[in-house]
Amino acid sequence: MPPAPSDRPSNPPFDRPFDLLVVGDANPDVVLGPVPRDLAYGQREQLVERADLVLGGSAAIMACGAARLGLRVAFAGRVGDDPAGAFVRTALTARGVDTSALTTDPELATPLTAVLTRGADRAILTAPGCLAATGPGDVPDALLAGTRHVHAASFFLMPRLAGALAEVFARARELGATTSLDTNDDPSGRWDPELLDPVLNVTDQLLPNAAEARALTGVARGVAEAAAALARRGPLVVVKNSAEGALAHDGTRVTAAPALPVEPLDTVGAGDSFDAGFVAAVLRGLGLADALAVAAVCGSLSTRGRGGTEAQPTWDEAVARVPGAGASEARGVTGVTGITGVTGVSA
Ligand SMILES: Nc1ncnc2c1ncn2[C@@H]1O[C@H](COP(=O)(O)OP(=O)(O)O)[C@@H](O)[C@H]1O
Ligand SMILES: [Mg+2]
């Protein structure tokens, strides 16, 4: 039986080489848009204002966001032996993310995603390539032992990893780390509770967006109600809700935080940048309300740039937008200084 959330250490040990290990997907995103309302077939050439080739994948964007916030981050996952894989490796390394556990699959291609944007909305087309081959063997035990926190993303895109993620998280917890999960969308529409529930038993923080929270609970409900239903399945639940901000349910209470009013260039990676903000804030010892507020700001600020990682904020930029969060950190319960290189990071 896993320990109840309240029995879990909220402040995992500092004496580790990494604050965060991110497990999951990494691929190039081609972000195109704004696309016309009626996308035409029949070999019609249609011009869009802009296209950018950027680092994508929920896990990769989250890792970059966390690194920019000052965390020491390692990435575990898989790319193909191809130019797209080299692009991913270079982009992660450029942001200071350790890629020694980014495996090169000898046969399968690096995943590729086209993101078609229209205002704040987007359609996402992904060829999963080697994602489906990503498995628990891609997550070295030495990294689980060497990190304070493990975050997994894109659960439903990686069936082999999904089926073993409960064991990976249980092992991480046994070694003293905390865990978080952003399922992201399920393209199959099944949202299989038999696959997910064993993982929720060993997940400290579940971080879906509003549509995912509703889909995971199986019935159309309000966001707070969906969050409550998910919280009954184990973790602290944090639901991202676009321009509305976000709310958390700890099994007893709802806490909410607003988004920052921004004019988004595109919202690609907003949820992943939010996840980075939330995990960074909790690891730095902020309480739930402040962590949620910092996370919402990180999501909003990330929409100022194209693609997922360009406009991710530093820690100082994020806390400057949250009255009182800097003070609550300074009061800190936590030994925040255990995170090296955090203060004054300006990357
Ligand atoms: N249009 C927007 N305006 C302001 N903030 C936004 C906007 N869209 C997203 N955000 C911020 O980013 C966070 C995550 O975005 P959301 O779209 O809910 O997640 P996801 O990208 O996973 O679908 C939100 O909680 C909010 O703080
Ligand atoms: Mg998301």
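Here is what the cut-offs are and how they apply
- Residues numbered from 1 in each chain as written.
- Chains lettered and ligands numbered in written order.
- Predicted model: local features only at pLDDT ≥ 70, side-chain atom pairs only at ≥ 80, totals over all residues.
- Helix = DSSP H or I, 4+ residues; strand = E, 2+ residues; numbered from the N terminus.
- Rg over C-alpha atoms; globule rule 2.2 N^0.38 Å.
- Buried ≥ 20, exposed ≤ 12 C-beta atoms within 10 Å, placed from the backbone.
- Contact = placed C-beta atoms within 7 Å.
- Axes fitted to C-alpha atoms, helices over the stretch in contact; angles between N-to-C directions.
- Parallel < 35°, antiparallel > 145°, perpendicular 65-115°, else oblique.
- Left-handed = near helix turned anticlockwise from the far one by under 90°.
- Nonpolar A, V, L, I, M, F, W, Y, C, P; charged D, E, K, R; others polar.
- Pairing = 2+ DSSP bridges.
- Near = placed C-beta within 6 Å.
- pLDDT = per-residue confidence, 0-100.

In the nomenclature of an unreviewed UniProt entry, the protein is known as Carbohydrate kinase PfkB domain-containing protein of Streptomyces crystallinus.

(A) Representation of the overall build of the protein within the structure. For the protein, the count of helices and strands is 11 helices and 13 strands. A compact globule built from 347 residues would reach a C-alpha radius of gyration of about 20 Å, and the protein, at 19 Å, matches this within 12%. With respect to the three principal axes, the spread of C-alpha positions in the protein is 60 × 45 × 45 Å. With 347 residues in all, the protein has 51% of them scored as buried. Residue pairs at least 24 apart in sequence account for 75% of intrachain contacts in the protein once pairs closer than 6 positions are excluded.

(B) Region of interest: the packing of helix 1 (residues 58-68) against helix 8 (residues 270-283). The interhelical angle for the contact between helix 1 and helix 8, taken along N-to-C directions, is 45°, at an axis separation of 8 Å. Taken as axis vectors, helix 1 and helix 8 run oblique relative to one another. The hand of the helix 1/helix 8 crossing is right-handed. Facing helix 1, whose interface residues are Ser58, Ile61, Met62, Gly65 and Ala66, helix 8 presents Asp272, Ser273, Asp275, Ala276, Gly277, Val279 and Ala280. Among the residues forming the contact of helix 1 with helix 8, the class breakdown is six nonpolar, four polar and two charged.

(C) Main features of the pairing of strand 12 (residues 246-249). Side-chain alternation along strand 12 places Ala246 and Ala248 on one buried face and Leu247 and His249 on a second face that is also buried. Joining the antiparallel neighbours strand 11 (residues 236-240) and strand 12 is a turn of five residues, in which Ser242 adopts a positive phi near 45°. Strand direction decides the pairing type here: strand 12 and strand 13 (residues 254-257), joined by four bridges, are antiparallel. Paired with His249 across the strands is Val254, a residue of strand 13. Between the end of strand 12 and the start of strand 13, which pair antiparallel, lie four residues, with Gly251 showing a positive phi angle near 100°.

(D) Looking closely at the environment of Pro323. Residue position: Pro323 is located in the loop between helix 10 (315-319) and helix 11 (325-331). You can call Pro323 exposed: it has 10 C-beta atoms within 10 Å. As a C-alpha pair, Pro323 and Thr104 span 219 residues in sequence and 44 Å in three-dimensional space.

(E) Spatial organisation of the site of ligand 1. Taken together, 20 residues lie near ligand 1, and Lys240, Ala259, Gly271, Gly299 and Ser300 sit nearest. Of all elements in the fold, only helix 8 and helix 9 (288-302) reach the threshold of two or more residues within the shell around ligand 1. In terms of residue class, the shell around ligand 1 is made up of 10 nonpolar, nine polar and one charged.

(F) Molecular detail of the packing of helix 8 against helix 9. Running from N to C, helix 8 and helix 9 cross one another at 150°; their axes reach a closest spacing of 7 Å. Note that helix 8 runs across helix 9; the crossing there is right-handed. Residues Ala270, Gly271, Ser273, Phe274, Ala276, Gly277, Phe278, Ala281 and Val282 of helix 8 pack against Asp290, Ala291, Leu292, Val294, Ala295, Ala296, Val297, Cys298, Gly299 and Ser302 of helix 9. Within the contact of helix 8 with helix 9, the residues separate by chemical class into 13 nonpolar, five polar and one charged.

(G) How the structure looks around the sheet that holds strand 9 (residues 178-182). Within the open sheet, the nine strands sit side by side as 5-4-1-8-9-10-11-12-13. Their pairing is mixed. At either margin of the open sheet sits one strand with a lone partner, and together these are strand 5 (98-105) and strand 13. When strand 4 (residues 73-80) meets strand 5, the two strands line up parallel, connected through six bridges. The residue bridging Gly80 from the neighbouring strand is Asp105, located in strand 5. Together, strand 1 (18-23), strand 4, strand 8 (147-153) and strand 9 form the strand contacts of helix 1, whose direction differs from that of strand 4 by roughly 150°.

(H) Representation of the confidence of the model for the protein in the model. This prediction gives the protein a mean pLDDT of 91; 90% of its residues lie at or above 70. Within the model, pLDDT remains below 50 along residues 1-6, and this stretch shows six contacts once partners closer than five positions in the same chain are excluded. Here residues 332-347 scores under 50 on pLDDT; set against residues more than four positions off or in separate chains, the count is 25 contacts.

(I) Looking closely at the environment of Gly24. In this fold, Gly24 is placed in the loop between strand 1 and strand 2 (27-33). The contacts of Gly24, once residues within four sequence positions are left out, are Gly57, Ser58, Ala59, Gly77, Ala152, Ala153, Ser154 and Met158.

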